[in-house]
Amino acid sequence: MQRAGKIAFIGGGNMAEALIRGLLRGTYPAAQIVVSEPAELRRDTLAQRYGVEAISDNREAVRLADLVILAIKPQMVGEVVGEVADLFVGSKWLVSILAGVSTAALEEQFD
């Protein structure tokens, strides 16, 4: 099976945690997962519980990743995507699990 490379989660809430748990159960290596989460307690919990790298810097998470999963609250999309949009070059992939945010609305954030 071909791996996606390093996966970064922007946001470490319940949805991100569920995906991380599923990846790890499917034998995806924890060393290939990084989570960017602003809350220190949540970062510590994810790192201890799953053995993933947990950081507070969205830009660093995107830099490290081949695949980025946006797992933030929909109202944060403008701020977060604006912060990292310039890092999406080459073969970097983006997956969004944002409720109620269309692909078109997300694409506008990258213009």
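## Some thoughts on the overall build of the protein chain
In terms of regular secondary structure, the protein chain is built from five helices and five strands. Ordering the α and β elements of the protein chain from the N terminus gives β-α-β-α-β-α-β-α-β-α. By the compact-globule yardstick of 13 Å for 111 residues, the protein chain fits well, its C-alpha radius of gyration being 13 Å. Overall, the C-alpha framework of the protein chain stretches about 35 × 35 × 25 Å when taken along its three principal axes. A total of 111 residues make up the protein chain; the buried ones form 37% of that total. Partitioning the intrachain contacts of the protein chain with sequence separation of at least 6 by distance along the chain shows that 67% fall at a separation of at least 24. When the accessible surface of the protein chain is totalled, it reaches about 6300 Å², and 52% of it is carbon and sulfur. Each charge class in the protein chain can be summarised by its mean position, and for the 11 positive and 14 negative side chains these summaries are 9 Å apart.

## Points about the sheet that holds strand 4 (residues 67–70)
Within the open sheet, the five strands sit side by side as 3-2-1-4-5. Their pairing is parallel. Edge strands, defined here as strands with exactly one partner in the open sheet, are strand 3 (53–55) and strand 5 (93–96). When strand polarity is set aside, the average angle formed by the axes of neighbouring strands in this sheet is 20 degrees. Relative to strand 5, strand 4 runs parallel, the two sharing four bridges. Bridge pairing in strand 5 places Leu-70 opposite Ser-96. In the packing of helix 1 (residues 14–25) onto the sheet, contacts are made with strand 1 (7–10), strand 2 (33–36) and strand 4, and the angle to strand 1 comes to roughly 160 degrees.

## Quick notes on the environment of Val-81
Here Val-81 lies in helix 4 (residues 77–84). Along the backbone, Val-81 and Arg-59 are 22 residues apart, and their C-alpha atoms lie at a distance of 9.9 Å. Residues in contact with Val-81, not counting those within four places in the same chain, are Leu-70, Leu-106, Gln-109 and Phe-110.

## Overview of the pairing of strand 1
In strand 1, alternate side chains face the same way, and those of Ile-7 and Phe-9 on one face and Ala-8 and Ile-10 on the other are all buried. Where strand 1 and strand 2 come together, four bridges link them in parallel fashion. Across the sheet, the residue bridging to Ile-7 is Ile-33, located in strand 2. Running through helix 1, the crossover from strand 1 to the neighbouring parallel element strand 2 is right-handed. The pairing of strand 1 with strand 4 spans four bridges and is parallel.

## Overview of the pattern of salt bridges
The full count for this structure, using the stated rule, is six salt bridges. When the shortest N-O distance is used, the salt bridge between Glu-17 and Arg-49 registers 2.7 Å. Pair noted here: Glu-17 is in helix 1 and Arg-49 is in helix 2 (residues 40–50), with a separation of 32 residues, a long-range link. With a relative accessible area of 8%, Glu-17 lands in the buried category. Residues joined by salt bridges that share partners form a network here, namely Glu-17, Arg-21, Arg-42 and Arg-49.

Rules used in this analysis
- Residues numbered from 1 in each chain as written.
- Predicted model: local features only at pLDDT ≥ 70, side-chain atom pairs only at ≥ 80, totals over all residues.
- Heavy atoms only, no water.
- Helix = DSSP H or I, 4+ residues; strand = E, 2+ residues; numbered from the N terminus.
- Rg over C-alpha atoms; globule rule 2.2 N^0.38 Å.
- Buried < 20%, exposed > 50% of the residue type's maximum accessible area, 1.4 Å probe, protein only.
- Contact = heavy atoms within 4.5 Å.
- Areas by Shrake-Rupley, 256 points an atom, 1.4 Å probe, with all protein chains shown as cover.
- Lys, Arg positive; Asp, Glu negative; His and termini not counted.
- Charge placed at Lys NZ, Arg CZ, Asp CG, Glu CD.
- Pairing = 2+ DSSP bridges.
- Axes fitted to C-alpha atoms, helices over the stretch in contact; angles between N-to-C directions.
- Right-handed = clockwise from strand over helix to strand, strands pointing away.
- Salt bridge = Lys/Arg side-chain N within 4 Å of Asp/Glu carboxyl O.

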